[in-house]
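Observations on chain architecture
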Amino acid sequence: MTTTADTPSPLDEARLAEALALAESAIGVSEPNPRVGCILGRADGTLLGLGATQRAGQAHAEVVALRDAASRGHDPRGATAWVTLEPCAHHGRTPPCCDALIAAGVARVVIALRDPFEQVDGRGIERLRAAGIAVALLDPASGLAMAARELNIGFLSRMVRRRPWLRMKIAASLDGRTALENGASQWITGPAARADGHAWRKRAGAVLTGIGTVLEDDPRLDVRDVPTVVQPQRVVVDSRLQTPPGARILQPPGRVWLYAADGAGAGRSALEAGGGVDLRLLPAPLGKVDLAAMLDDLAERGINELHVEAGHKLNASLLRAGLVDELLVYLAPRLIGLGREMATFGPLTELGQALAFRFVDIGLVGDDLRVRARPPGRGAF
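Below you will find a few notes about this structure.

The rules behind these values
Within each chain, residue numbers correspond to sequence positions counted from 1 in written order. Reporting in this predicted model follows two pLDDT cut-offs: at least 70 for local features of residues, and 80 or more for side-chain atom pairs to be given and counted; totals over whole chains, interfaces and linings ignore these cut-offs and use all residues. As a rule here, side-chain values come from all non-hydrogen atoms in the structure, and water together with hydrogens is ignored. Aromatic pairing here means that ring centres of Phe, Tyr or Trp (its six-membered ring) are within 6.5 Å. Orientation follows from the plane angle: under 30 degrees is stacked, over 60 is edge-to-face, and everything else is tilted. Lysine NZ or arginine CZ positioned within 6 Å of the ring centre and within 35 degrees of the ring normal marks a charge as sitting over the ring. At least two DSSP bridges between two strands are needed for those strands to be called paired. Going along the chain from the N terminus, every DSSP run of H or I of four or more residues is numbered as a helix, and every run of E of two or more is numbered as a strand. All axes are obtained by fitting lines to C-alpha atoms, using only the stretch in contact for helices, and the reported angles, taken between N-to-C directions, cover 0 to 180 degrees. Should any heavy atoms of two residues lie within 4.5 Å, those residues are considered in contact. For each residue, the accessible area found with a 1.4 Å probe, counting protein chains only, is set against the maximum for its type, and the residue is called buried under 20%, exposed over 50%, and partly exposed in between.

Side note on the packing of aromatic side chains
- Applying the stated criterion to the full structure yields zero aromatic pairs.
- Sitting above the plane of the Trp82 ring, Arg15 keeps its charged end 5.9 Å from the centroid.
- When the ring centre of Trp187 is taken as reference, the NZ or CZ atom of Arg194 above it lies at 4.4 Å.

Observations concerning the sheet that holds strand S2 (residues 47-52)
- The strand order across the open sheet built from five strands is S2-S1-S3-S4-S5, with neighbouring strands paired in mixed fashion. Of all the strands in the sheet, the pair left with one neighbour each is S2 and strand S5 (134-137). Sheet twist, expressed as the average angle between the axes of neighbouring strands with direction ignored, equals 15°.
- Bridge count for strand S1 (residues 37-41) against S2 is five bridges, and the pairing is antiparallel. When the bridges of S2 are listed, Cys38 appears paired with Gly51.
- Most of the contacts of helix H1 (residues 10-24) go to S1, to which it runs at about 140°, and overall it touches S1, S2, strand S3 (80-83) and strand S4 (108-111).
- Lying on the sheet, helix H2 (residues 61-71) is in contact with S1, S2 and S3; it crosses S2 at an angle near 140°.

Examining the pairing of strand S8 (residues 206-210)
- Of all five residues in S8, five are buried; the element is thus mostly enclosed.
- Residues Ala206, Leu208 and Gly210 line one face of S8 and the alternating positions Val207 and Thr209 line the opposite face, and both faces are buried.
- Relative to strand S9 (residues 233-237), S8 runs parallel, the two being bridged by five bridges. Pairing of Val207 across the sheet is with Arg234, part of S9.

Right, dumping it as structure tokens:
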């Protein structure tokens, strides 16, 4: 379905910016649904109501804004709704949001970004227009539309590519070492960088690591350094089922999704008897879990953003397979010399074989440098 972009007014831009701020409050709340914000108001600047997407199965942003307007004693008839993503046109866990806006008598809807979900994808816009509501859709190249896209990059990835957005987090020294030769790594970066890393964990629907990290570091992989409503799903790649039944990652909150190679048997009964494990066996043509198949399965299970905190071997496997969408690297201002690498692959025979990335964000976090980089063209949904 085709829709045309519209030129927003200054009020439209201001309200959409406010709606984006509301949508950010849905981080760590709305998974697997997209993060959406909505503001109801009038052309004279009067604010009627506002809302953000709640937990899955609860109200979406548009309905929350309508309820907020009602609680303030405001009538939304003839009002404008500014929303960061196209209102849904299907009945999932909740009724269609476009129907709620139509029933409320809203006169105009301004949308930052079209929803590519196959049951929406322009249908929400068409249904609103069919009801006589004026609809304005931003140019997808505009700053506000791009900000809305970035906020929901995982959801868009799952809808368009049927695969989560894979963000690989690495903490390293200035010379690219993630640990000493003996494996000691706590702490290379400072407390501000560690808290920032937990904020990125919070963004993700799932946090993934490999069996090597489980055996060496015994991590919990939950969100602790920043407040969150919902803990991300924890995932372990363990091709040969070596995870100890007493590993901290198997303890609450929630069950752990463990991916093993098809045919792996040893240790299965002990893990399942211990509880807290959801075991998936996947094809293993080379004796290891098919990582692409794992990502496909995670998408089927509703994971939008996958946050990877693993060792140099799993990092290298994901990079070699071209499955990494974004690097989130914290560089500490110190030199280690000999030690563990970010990812172990190669050796390459020429520089043209190097994996290419482009920087998308660079800045200081405490005393450390945070670098975000993506493969060229990645994220252009």
